[in-house]
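Each chain, written out:
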Amino acid sequence: MNFYSLNHKAPNVSFKEAVIKGIAPDKGLYFPERIDPLPNSFFESIDALSNKEIAFTAIHQFVKEDIPDKVLKQIIKEVLDFDFPVVKIKENIATLELFHGPTMAFKDVGARFMAQCLGYFSEGENTEVTVLVATSGDTGGAVANGFLGVNGVKVVILYPCGKVSHIQEKQLTTLGQNISALEVDGTFDDCQNMVKTAFLDKELLRNMQLTSANSINVARWLPQLFYFLFAYKQVKSKGKEMIFSVPSGNFGNICAGMVAQKLGMPIKHFVAATNVNDTVPRYMTTETYTPKSSTATISNAMDVGDPSNFIRIRHLYRENFEQLSKNLSSFSFSDSETKIAMKTVFKENGYITDPHGAVGYLGVKKYQANHSNTYGIFLETAHPVKFLDVVEETLGISVAIPPQIQKIMDKEKKSIKIETYGEMKSFLLNT
């Protein structure tokens, strides 16, 4: 299967080329030329399949020309070595826990899948690939962990100074080896703009092979459809129409869920729950897309003012706003509302949500206010410990630090502070 640029001014490429390029020469995101629905029998018997079998079937059509079946199965085995449980919160509401991987965030799936693919593609090659990635929180740690020690790959992570949690910063600044961290004086949007600019910089591209590990990269984005299928497998017997509420920042996660729906997964509706960075909720109300500078919140991984992947969602619906509106609702919530939700869930159910999961919970509640006969699943995208200060202050409790996090707490932070694109470019050219 080929992939084409959503700006339609660049040649179509293979999956391998799309992964290595990251973004098309015309600045467009790559998108698969088609999405072939899976047979109904797959979903009818999905509860008899292992997660690895589900993932292989779901991703196969997109990668089969570039990754042999035997290699793909091994990649999936390496990626999916942890659980994705659906946990009941209350009647008709559950959460899908995506934090049981090595960095305790949902991005472990996409980052590891991309790292494995890039490692396979680089076998026998003499050219080093530089992975350039911007992070608003969890992407950096997941990418750093996924690519650590991968031969032929150098990783450079940009993150906004003072706008990620202490633990998130530790995860992306303490690994060393082939991982470098650039601490940017600015917002996530500034980091993301630097990355996008680099892909258009002819001097850089003459001197190195750049790719991105943000969800703009198809190998980071597409595998996220796996866990929506894993959730469906676990709750299909509930007998009610299922909805997903996805805490949304760059909108890659919810877009991947919509691809799972296009594959035939019987899902009624998606809710994109955001913090006060409400570009998409405003679009869904006004039909006008007006990005704005991002605002810092306690759910920092969603502090995105111009979400890159929303264009993929619009493309899925062929820019038909009426059709999109039937399948997507989007609501924004303040930090104070988020903290109240964290307290409510903990008091009523004894469950600890992180700030992002709490926003997802609020999305379910708001949608179900007018659609009571639904089963709502919100995504718990990161372990609460990654936002320790907020969780402990809000709930008045102490949270035990898991082994995955404990092992990095005493490691030395190593980062390089930069303010401008020129400083980033100089670093890339001279390291």
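Calculation rules
Residues numbered from 1 in each chain as written. Predicted model: local features only at pLDDT ≥ 70, side-chain atom pairs only at ≥ 80, totals over all residues. Heavy atoms only, no water. 1 Å grid on protein atoms, 1.4 Å probe; cavity = no way out; pocket = protein on both sides within 12 Å on 5 of 7 lines; lining within 4 Å. Points joined across faces, edges and corners; volume = space filled by probe spheres on them. Helix = DSSP H or I, 4+ residues; strand = E, 2+ residues; numbered from the N terminus. Nonpolar A, V, L, I, M, F, W, Y, C, P; charged D, E, K, R; others polar. UniProt positions renumbered as here; feature names shortened; annotations may be inferred. Salt bridge = Lys/Arg side-chain N within 4 Å of Asp/Glu carboxyl O. Buried < 20%, exposed > 50% of the residue type's maximum accessible area, 1.4 Å probe, protein only. Core = buried A, V, L, I, M, F, W, Y, C linked by side-chain atoms within 4.5 Å. Contact = heavy atoms within 4.5 Å. Axes fitted to C-alpha atoms, helices over the stretch in contact; angles between N-to-C directions. Left-handed = near helix turned anticlockwise from the far one by under 90°. Phe/Tyr/Trp six-rings, centres within 6.5 Å; stacked < 30°, edge-to-face > 60°. Lys NZ or Arg CZ within 6 Å of the ring centre and 35° of its normal. Pairing = 2+ DSSP bridges.

**Description of the layout of surface pockets**
Computed from the structure, the largest pocket encloses a volume of approximately 380 Å³. Secondary structure elements with two or more residues in the lining of the largest pocket: helix H8 (188-198) and helix H14 (310-316). With three residues, H14 is the largest single contributor of residues to the lining of the largest pocket. Across the lining of the largest pocket, the residue classes break down as eight nonpolar, four polar and four charged.

**Points about the UniProt feature "domain: Threonine synthase N-terminal" (unreviewed entry) in the protein chain**
Within this numbering scheme, the UniProt entry marks residues 3-78 as carrying the feature "domain: Threonine synthase N-terminal" (unreviewed entry). Helix makes up 46% of residues 3-78 and strand 11%, with an end-to-end C-alpha separation of 25 Å.

**Focus: the pattern of salt bridges**
What the rule picks out here adds up to 13 salt bridges. Here Lys413 and Glu169 are joined by a salt bridge, their closest N and O atoms 3.0 Å apart. Of the two residues, Lys413 sits in the loop between helix H19 (403-406) and strand E14 (416-418) while Glu169 sits in helix H7 (residues 166-173), which places them 244 residues apart along the sequence. A relative accessible area of 15% places Glu169 in the buried class. The network of salt bridges with common partners includes Glu33, Arg34 and Asp36.

**Examining the nonpolar core**
Phe15 and Phe244 are the most contacted members of the largest nonpolar core, which totals 127 residues. What Phe15 contacts, discounting residues up to four positions off in sequence, is Met1, Phe3, Phe62, Val63, Asp66, Ile67, Phe113, Cys117, Phe121, Val218 and Ala219. Counting residues in each nonpolar core, the second largest holds 35 residues, with Val271, Met302, Met342 and Val391 among its members.

**Concerning the packing of helix H4 (residues 69-79) against helix H5 (residues 107-121)**
One way to put it is that H4 packs onto H5 with a least axis distance of 9 Å and a crossing angle of 145 degrees. The chirality of how H4 crosses H5 is right-handed. Along the contact surface, H4 presents Val71, Leu72, Ile75, Glu78 and Val79, while H5 presents Val109, Arg112, Phe113, Gln116, Cys117 and Tyr120.

**With respect to the packing of aromatic side chains**
Within this structure, the stated rule accounts for 22 aromatic pairs. Ring geometry for Phe228 versus Phe270: centroids 6.1 Å apart, planes at 70 degrees, classification edge-to-face. Of this pair, Phe228 sits in helix H11 (residues 226-235) while Phe270 sits in strand E11 (residues 269-274), and the two are 42 residues apart along the sequence. Given the relative accessible area of 0%, Phe270 is considered buried. Ring pairs connect the aromatic residues Phe82, Phe84, Phe113, Phe226, Tyr227, Phe228, Phe230, Phe244 and Phe270, which therefore count as one cluster. The lysine or arginine in question, Lys262, covers the ring of Tyr317, its NZ or CZ lying 4.6 Å from the ring centre.

**Some points on the sheet that holds E11**
Strand order in the open sheet formed by six strands is E4-E5-E13-E10-E11-E12, with mixed pairing between adjacent strands. Of all the strands in the sheet, just strand E4 (86-90) and strand E12 (328-332) have a single pairing partner and so form its edges. The mean angle between the axes of side-by-side strands here comes to 25 degrees, regardless of whether they run parallel or antiparallel. Pairing between E11 and E12: five bridges, direction parallel. Residue pairing across strands places Ala273 opposite Phe331, the latter belonging to E12.

**Re the packing of H5 against helix H6 (residues 138-147)**
For the pair H5 and H6, the least separation of the axes is 8 Å and the interaxial angle reads 35 degrees. In terms of crossing hand, the pair formed by H5 and H6 is right-handed. Listed contacts from H6 to Lys107, Asp108, Ala111, Arg112, Met114, Ala115 and Leu118 of H5 are Asp138, Thr139, Ala142, Val143, Gly146 and Phe147.

**With respect to the sheet that holds strand E9 (residues 209-212)**
Within the open sheet, the five strands sit side by side as E9-E6-E7-E8-E14. Their pairing is parallel. The open sheet terminates on both sides in strands that have one partner only, identified here as E9 and E14. Averaged over all pairs of adjacent strands, the angle between their axes in this sheet comes to 25 degrees, without regard to strand direction. Here four bridges tie strand E6 (residues 129-134) to E9, and the two strands are oriented parallel to one another. Bridge pairing in E9 links Thr130 to Leu210. Contacting E6, strand E7 (153-160), strand E8 (179-184) and E14, helix H20 (residues 421-429) crosses the sheet at an angle of about 160 degrees to E7.

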